[in-house]
Amino acid sequence: MKNIILIFVLALCLTTQTMSAQMLSEGVSKELAEHRKANISKIIYDLSFNIPADPHERVKGKVVISFNLKAPQDVVLDFQGEFDGTCYVWDKKKKRRGAEVVYKDEHIIIPMASMLEGDNKVELEFEASDKALNRNADYMYTLFVPDMARSVFPCFDQPDLRAVFVTSLKVPEGWKTMTSDNVCQLPTYLYSFVAGKFQEKTSVREGRPMRILYRETDPYKVAQLDQVFDEAAQALKWMEGYTGIACPFKEYGMVVLPGYQFGGMEHPGAIQMNDRRIFLEKNATQEEKAARLELIAHETAHLWFGDLVSLKWFEDVWTKEVLANFMASKITRRTFSRIDHELNFLKTYQSRAIAIDRTDGTHPIAQELMNMNHASLLYDNIIYDKAPVMMRMLEEVMGAPEMQSGLQKYLHDHLFNNASWDDLVATLDSAAPKANVRQFSEVWVKQKGMPTIHTAYKDGNIVITQSDPYKRGLVWPQKFQVRLIYELGTSRTVNVDMKESTFTIKVAGKPNYIIPNYDGKGYGHFTLDDEYAVILPKRLITTRNDLNRYALLLTIHDNYLLGRIPPSHFGELYRFMMKEHNPLIMSSAVDHMFKIAFDLAPEQRKTLELCMMDLLGENRTKECRQYVIRKLGSNATSPELLDKIYSIWQQHNDPLFSEQDYMNMAYRLAIVRGDTYHPVLAAQRKRLKSEDERREFDYISRVCSPDPALRTRLFNEMLNPQNREQEPWALKALQLLNSDVYEPVSNALIEPGLKSLQYIQQTSDIFFPTNWLQAMLGSHKSKEARLIVEKFISSNPNYPEYLRNKIFEAAWILMKQQTYVTKAQPLIVPKKNLTPAKPVKKAPAKKAPAKKAPVKKKK
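Being a predicted model, the structure only gives us computed values, none of them experimental.

Asks: So what's going on with helix 21 (residues 677-687)? Which residues, and what values?
Replies: Inspection of helix 21 places Tyr677, Val680, Leu681, Gln684 and Arg687 among the buried residues, and these make up the whole buried set. Mapping the buried residues of helix 21 onto a view down its axis gives an arc of 115°, with all of them on the same face. Exposed and oriented more than 90 degrees from the buried face of helix 21 are His678 and Lys686. Taken together, the buried residues of helix 21 touch helix 19 (639-651), helix 20 (659-672) and helix 22 (691-701).

Next comes the structure, spelled out in structure tokens:
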């Protein structure tokens, strides 16, 4: 009998060891995470860190982890730093004793023999990896999202194991510190601490203490902090009213950081913000001011959606982002009543989402994640931008009161706990049973892509058909308007509630114009028959309503990218921009005009660049001047235009432009005109007032060298994570290394850049792999560059799907758009003249005697 018992115990031990081996790959597998969630609870991290002044010295620390264990078993901690194997545990008599542990594959395994049923306590000393410490000369900050807490201290690094964090920081004299909330339970990715030479400002709003750390020295910008406090207090008050729950965290702290890699990050008690999003220039537009409030509101909303209730697993990461964006949009709408928020929604969310959804790299909003190592690849414009589009449609289907009631119940049901999207769907479905929330979610959330919605006139009817690009037979339920315009100015607006693949309505005669998605509330490719598509741009100048005009502008641009509208519509863009006064519309129109110029041959491009500059003589608004000169100042190729940019840069006295604008002009002048490389950059450096600005400029300006060998060396250095610690600087440098004027020489950087992508993903923050690809490929348009990308994809059939999708997203313009435009041109332009920009080549030229002459020539 004793032998039988011994054999059973040995078998049980072997089974446990085998299961652990299956779980213990690098990173945190879903199997390991689920096992720990089922067995571990009541976690407290008592952390102490010694942070030296020298950023090259290692940060050392100690952690005492208290937790409850359901039954004795191996306990696996996650860690990527230096650990010598010394571990102490507390036994049943509450005595501290040494324990033998195993450290391998980024895990510290504490054997079952050292663990107790019930309460346990483990002590370890360690040296932190610098991966997530973001160390600078005299300050540092941690950023652990999505799975980098384990790079700094041993922990259970998964979002559904919440814990209390108690922190002690030993820092150099004169440094200030801020840590995230030390009372409420948080996931590891929301824990944070900051230390360094900061200025500090405190305030109290409605009895709530508020504190900001910052490094900005410009008195005008520092004075904006009172407004920042007001906006944060406004967001807190609105969220408390909407949710019916008081702010769950006792302190509201914020750290404003130079060169910060995100817009913001919602660590409760220590929210991190990008300095350029918080400190605005003197001539900031209403759009920029609204964007600051929207950012503050977004991060504040996360205190409820993301912090109070966290995600179960990172495949649901988008849930907290869509809810935070949803709340931020409502908060901003109340303050900036003069901004057309429906128009701003299209600009902020819809156009960015479609830019991803049109590519072969698109994916569902809801994605499956099997290992935390890949969590960073879930973050893109699908979760940040398509999800709010979906949420707005869902609120319209449910009704705003029912949506609010459902969200309140969702929060109350999961206070200081974790929940998934499916949990939210169940709650919303109960709040509005007739809305078919589950069915809506199945199409909009769990399926990838978007429909093509084609509108045509046929036999006295307007026929609207919706097709699924992936042939699954899906129909995306949605509502939108179609505008029909007839002779003598008569018109009709058709309200479309598209629940089936075809929508038909009888009309009185054939319309002269058809404008699809007239109100912008539809989502997808909105296409027309050729006879209607090519004349669509003519309606820009006659469409009076701002929202309708902007929705039309987006439809025209999408059809241009699909090759359904020729580049010659530049002339219509110019005509309507002469009279345009809405800054939101102007900024997009300038981008679209430059995209057409960029697509054309060099001489045609130079002509259209001059046309854009001449536009300033017609539209004298300050916003138009800002948008046009910012765009051309960073992209111009025309020698005549570069002379004008040089004059603006040299005078350095235009109040519409910030120092960052002048830095961008200097980079472009140095790149395009090699003879001005040293004098322009030297002069620009002397203008910079802060050490942080000079550090940024010194890092970036090196890549403007006319020496290809030096540029290649700098690119290779950037592959080392130590040489791209300031990720926004690295991305700007990479973009300049791949400047359009460096092609084809810069094509040699594409293959090594793609080959390094997996390493880039492993050694950077969440948005960096996507931004790396966009910075590297965005200015390329040669056939050679396209073939390099195609060869890489075809040569790596087993390449990780998430990363392959990122390549498809970033390379869509390079690989797809140009071909579509070329195929469409013969339908519009005679074969003997395949240069569609010729009609606008003579558009508003500098020698034109009359202001309206260019318009007539373009027509």
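Asks: Any details on the sheet that holds strand 9 (residues 139-141)? Residues and values, ideally.
Replies: Pairing is antiparallel in the open sheet, where 3 strands are placed in the order 9-12-11. Every interior strand has two partners, whereas the edge strands, strand 9 and strand 11 (176-179), have only one. Shown here is a sheet whose adjacent strand axes are inclined to one another by a mean of 5°, direction ignored.

Asks: Break down the layout of surface pockets for me, citing the residues and quoting the values.
Replies: Unfilled space is identified by rolling a water-sized probe across the atoms. Size it by volume and the second largest pocket reaches roughly 990 Å³. Pro721, Gln722, Asn723, Arg724 and Glu725 are the residues nearest the centre of the second largest pocket, which is lined by 32 residues in total. The leading source of residues in the lining of the second largest pocket is helix 23 (residues 708-718), at 3 residues. Its residues placed into classes, the lining of the second largest pocket shows 8 nonpolar, 12 polar and 12 charged.

Asks: Provide a residue-level description of helix 4 (residues 225-243), including the pertinent values.
Replies: Compared with the 27 Å implied by 1.5 Å per residue over 19 residues, the 27 Å span of helix 4 between its first and last C-alpha is a close match. Just beyond helix 4, the residue with positive phi is Gly244, at close to 75°.

Asks: Can you break down the pattern of salt bridges residue by residue, with the values?
Replies: A complete count under the given rule lists 52 salt bridges for this structure. Glu231 is the salt-bridge partner of Arg292, the closest N and O atoms lying 3.5 Å from each other. Remark: Glu231 occurs in helix 4 and Arg292 occurs in helix 6 (residues 286-301); sequence separation between them is 61 residues. Taking the relative accessible area as the measure of exposure, Glu231 reaches 4% and is therefore buried. The salt bridge partner of Glu609 is Arg605, with a shortest N-O separation of 2.9 Å.

Asks: Pulling in residues and values, what's your account of the packing of aromatic side chains?
Replies: Applying the stated criterion to the full structure yields 37 aromatic pairs. Here the aromatic rings of Phe440 and Trp444 are separated by 6.1 Å at their centres, their planes lie at 25°, and the arrangement is stacked. One end of the pair is Phe440 and the other is Trp444, both in helix 12 (residues 437-444) and 4 residues apart, which spans about a single turn. Considered together, Phe440 and Trp444 belong to a single accessibility category, that of buried residues. The interplanar angle of 35° and the centroid separation of 6.4 Å between the aromatic rings of Phe594 and Phe598 together place this pair among those described as tilted. One end of the pair, Phe594, and the other, Phe598, are both in helix 16 (residues 583-599), 4 residues apart, so they sit about a helical turn from each other. Assessed through its relative accessible area of 7%, Phe594 is described here as buried. Taking the ring centre of Tyr88 as reference, the NZ or CZ of Arg96 above it sits at 3.7 Å. Lying over the aromatic face of Tyr699, Arg702 brings its terminal NZ or CZ to 4.8 Å of the ring centre.

The rules behind each value
Residues numbered from 1 in each chain as written. Predicted model: local features only at pLDDT ≥ 70, side-chain atom pairs only at ≥ 80, totals over all residues. Heavy atoms only, no water. Buried < 20%, exposed > 50% of the residue type's maximum accessible area, 1.4 Å probe, protein only. Helix = DSSP H or I, 4+ residues; strand = E, 2+ residues; numbered from the N terminus. Arc of directions from axis to C-beta. Contact = heavy atoms within 4.5 Å. Pairing = 2+ DSSP bridges. Axes fitted to C-alpha atoms, helices over the stretch in contact; angles between N-to-C directions. 1 Å grid on protein atoms, 1.4 Å probe; cavity = no way out; pocket = protein on both sides within 12 Å on 5 of 7 lines; lining within 4 Å. Points joined across faces, edges and corners; volume = space filled by probe spheres on them. Nonpolar A, V, L, I, M, F, W, Y, C, P; charged D, E, K, R; others polar. Expected span 1.5 Å × (residues − 1). Salt bridge = Lys/Arg side-chain N within 4 Å of Asp/Glu carboxyl O. Phe/Tyr/Trp six-rings, centres within 6.5 Å; stacked < 30°, edge-to-face > 60°. Lys NZ or Arg CZ within 6 Å of the ring centre and 35° of its normal.

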